[in-house]
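# Summary of the model geometry
The lines below spell out each chain.
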2 protein chains.
Amino acid sequence: MDGAVRKEQICDAAKRLFAARGYHATSVRDIAAQLDLQGGSLYSHIDAKEDLLWALVDRAADSFISRAAAVAARFPDPTERLQALVRAHVEYMASDLDNAVVFHHEWRFLAPARRLAIAHRRHEYEDYFRQAIHEGVSRDVFLPQDERFATLLVMSLVNWFYQWYRPDGPLPADAIAGRFNELILRALGAPAPIGKGKSI
Amino acid sequence: MDGAVRKEQICDAAKRLFAARGYHATSVRDIAAQLDLQGGSLYSHIDAKEDLLWALVDRAADSFISRAAAVAARFPDPTERLQALVRAHVEYMASDLDNAVVFHHEWRFLAPARRLAIAHRRHEYEDYFRQAIHEGVSRDVFLPQDERFATLLVMSLVNWFYQWYRPDGPLPADAIAGRFNELILRALGAPAPIGKGKSI
């Protein structure tokens, strides 16, 4: 089997186990067992269990950031951009919940240097949201406010999502993102989206 | 040493370790080592590691619910009640972050019957928030809206808190709760709190 394909299978197995049981409770032997391998032979593909956690978290950070960069390039308007960022985040989370759990919870078990690197990348990612809110406030489309807390509101809503979302639930991810955006825009004091506003 | 005192010390040690490393990665031996006990002698106080997780999560659920019940008894007005619920939640979380981590994350490692019992109690707790929002909407102090998502917004904000709050950060917990409440009331379409509103 191709080494890259095997590496991918190993990452997938690690992701499922880290999400279900936690990083510390998953051994290299557990991961190998998922692939009908011996623990020892897994080490021809990886150096250490933490490399798998790092590969997963690093890749998730890449995906979050590249999606946000694409959204930012496409939507100069801060209101549209913020809504599109929320949609992209929710849809990516919904597409791979195990990845979301590992990225949002297990990342804290990385060794300090890697944990710091991920903290920086999280900050880089959140900057897309922060910047959209800042531009909206600057252009008077959002009310003046504590922009740090406004960003926290958005990140809390889109991140806590992985705790309750079920793929077989009543609403698809894009409808959930729509509900989130209605609440977020109201919290920011933005005008209601056209065609969705309720008269007051 | 008094058995109840010893039990309390065991719960405290378990809480710290479950929060720091995760439930699955913590052994009874690890907990005993924190108290300079042998693993075996811990079993004179508890039957199984899961009993400790259950004791911690069950006690946290009790605390959340009894605080919410006290708030509900004190504040008949739904806007005041919702704000007081948010304050009580944030202050309780801030007072014991390890407890918050165990309650919000490690609870999912309980055995099925206990996990279900806690899911019910979480629902019971969230009903206080849901009910305040529902009354606010019914009395036209909050805008008509998807009350389930409005409740989710509040729970996301107050629960995600444990992911970023640092006791040595710039804002005390009650100031954070105040910022949360400004955003929440605006998201619900409530009038700005007296003395804090910004003119639009």
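Residues numbered from 1 in each chain as written. Chains lettered and ligands numbered in written order. Predicted model: local features only at pLDDT ≥ 70, side-chain atom pairs only at ≥ 80, totals over all residues. Heavy atoms only, no water.

## Some points on the overall build of chain A
What counts here: Only runs of H or I of at least four residues qualify as helices and only runs of E of at least two qualify as strands under DSSP, and these elements are numbered from the N terminus. Note on contacts: a residue pair qualifies if any of its non-hydrogen atoms lie within 4.5 Å across the two residues.
In terms of regular secondary structure, chain A is built from nine helices and zero strands. Going from the N terminus to the C terminus, chain A shows its helices and strands as α-α-α-α-α-α-α-α-α. Oriented by its inertia axes, the alpha-carbon framework of chain A measures out at about 65 × 40 × 30 Å. A fraction of 69% describes how many contacts in chain A between residues 6 or more apart in sequence connect residues 24 or more apart.

## Topic: the packing of helix H4 (residues 49-74) of chain A against helix H7 (residues 112-138) of chain A
Residues and elements named next belong to chain A. So the rule is basically this: Every angle, taken between N-to-C directions, lies between 0 and 180 degrees, and every axis is a line fitted to C-alpha atoms, over only the stretch in contact when it is a helix. Should an angle lie under 35 degrees it is considered roughly parallel, over 145 roughly antiparallel, and from 65 to 115 roughly perpendicular; all remaining angles are considered oblique. Left-handed describes a crossing whose near helix is turned anticlockwise from the far helix through less than a right angle; right-handed describes the clockwise counterpart. In this count, Pro and Cys sit with the nonpolar residues alongside Ala, Val, Leu, Ile, Met, Phe, Trp and Tyr, while Asp, Glu, Lys and Arg are called charged and the others, Gly among them, polar.
It is at 9 Å that the axes of H4 and H7 come closest, and there the two elements cross at 15°. One finds that H4 runs roughly parallel with respect to H7. Crossing of H4 against H7: the hand is left-handed. Where H4 approaches H7, its residues Glu-50, Asp-51, Trp-54, Val-57, Asp-58, Ala-61, Asp-62, Phe-64, Ile-65, Ala-68, Ala-69 and Ala-72 are matched on the opposing element by Arg-114, Ala-117, Ile-118, Arg-121, Glu-124, Tyr-125 and Tyr-128. Looking at the contact of H4 with H7 residue by residue, the classes come out as twelve nonpolar, no polar and seven charged.

## Section: the environment of Ala-173 of chain A
Residue and element names in this part refer to chain A. Quick reminder of the rule: Classification of residues uses two cut-offs on accessible area relative to the type maximum, computed with a 1.4 Å probe and protein chains only: under 20% is buried, over 50% is exposed, and between them is partly exposed.
Structurally, the position occupied by Ala-173 is in helix H9 (residues 173-188). Ala-173 sits in the buried class, given a relative accessible area of 13%. Considering only alpha carbons, one finds Ala-173 and Met-93, 80 residues apart in sequence, at a separation of 9.0 Å.

## Describing the nonpolar core
Heads up, the condition is: Take the buried Ala, Val, Leu, Ile, Met, Phe, Trp, Tyr and Cys residues and link them wherever side-chain atoms come within 4.5 Å; each set so joined is a nonpolar core.
Phe-180 of chain A together with Phe-180 of chain B are the most contacted members of the largest nonpolar core, which has 145 residues in total. If near-sequence neighbours (up to four positions away) are discounted, Phe-180 of chain A is found in contact with Val-86, Val-90, Leu-157, Val-158, Phe-161 and Trp-164 of chain A together with Phe-149 of chain B.

## Things to note about the interface of chain B and chain A
The criterion, for reference: Buried area: the accessible area, evaluated with a 1.4 Å probe, that two parts lose upon being put together, summed over both parts. Each salt bridge in this description consists of a side-chain nitrogen of Lys or Arg and a carboxyl oxygen of Asp or Glu lying within 4 Å of one another.
Listed per partner, the contact involves 40 residues of chain B and 40 residues of chain A. Summing the contributions of chain B and of chain A, the shared interface buries around 3,400 Å²; its carbon and sulfur component is 66%. Contact with chain A buries area across many residues of chain B, yet Phe-149, Trp-160 and Arg-186 of chain B alone supply 21% of it, more than any other trio. Where chain B packs against chain A, one counts two salt bridges. Here Asp-146 of chain A and Arg-179 of chain B are joined by a salt bridge, their closest N and O atoms 2.7 Å apart.

## Quick look at unusual backbone geometry
Backbone phi values are negative for most residues with the exception of glycine, while trans is the configuration of most peptide bonds. Phi at Asp-36 of chain A takes a positive value of approximately 55°, unusual for a residue other than glycine. Its location among the elements puts Asp-36 of chain A in the loop between helix H2 (28-34) and helix H3 (39-42). Unlike most non-glycine residues, Asp-140 of chain B shows phi in positive territory, near 65°. Asp-140 of chain B sits in the exposed class, given a relative accessible area of 68%.

## Digging into helix H6 (residues 97-104) of chain A
Within H6 of chain A, seven of the eight residues are buried, which leaves it mostly tucked inside the rest of the structure. Taken together, the buried positions of H6 of chain A are occupied by Leu-97, Asn-99, Ala-100, Val-101, Val-102, Phe-103 and His-104 of chain A. The elements touched by buried residues of H6 of chain A are helix H1 (3-21), H4, helix H5 (78-95), H7 and helix H8 (147-164) of chain A together with helix H8 (147-164) of chain B.

## Considering the domain arrangement of chain A
Residue and element names in this part refer to chain A. Test applied: Annotation comment: domain bounds sourced from an automatic or database domain assignment. Under this definition, polar contacts are N or O atom pairs within 3.5 Å; protein pairs additionally need one hydrogen-donor-capable and one acceptor-capable atom, and for neighbouring residues in sequence, both atoms have to be side-chain atoms.
Domain assignment breaks chain A into domain 1 (1-47) and domain 2 (48-188). For domain 1 and domain 2, the distance between their C-alpha centroids amounts to 28 Å. On the side of domain 2, 16 residues touch domain 1, which itself brings 18 residues to the contact. The junction of domain 1 with domain 2 conceals about 1,500 Å² of combined surface from both sides, 68% of it contributed by carbon and sulfur atoms. Sorting the residues of domain 1 by area buried against domain 2 places Lys-15, Phe-18 and Tyr-23 first, and these three jointly supply 42% of that buried surface. Counting across the interface, domain 1 meets domain 2 through two salt bridges. The salt bridge involving Arg-59 is made with Glu-8; its shortest N-O contact spans 2.9 Å. Where domain 1 packs against domain 2, one counts six residue pairs in polar contact (both at pLDDT 80 or more). When residues of the side of domain 1 that touches domain 2 are assigned to their parent elements, the largest contribution, eight residues, is made by H1. The residue inventory of the side of domain 1 that touches domain 2, partitioned by class, reads ten nonpolar, four polar and four charged.

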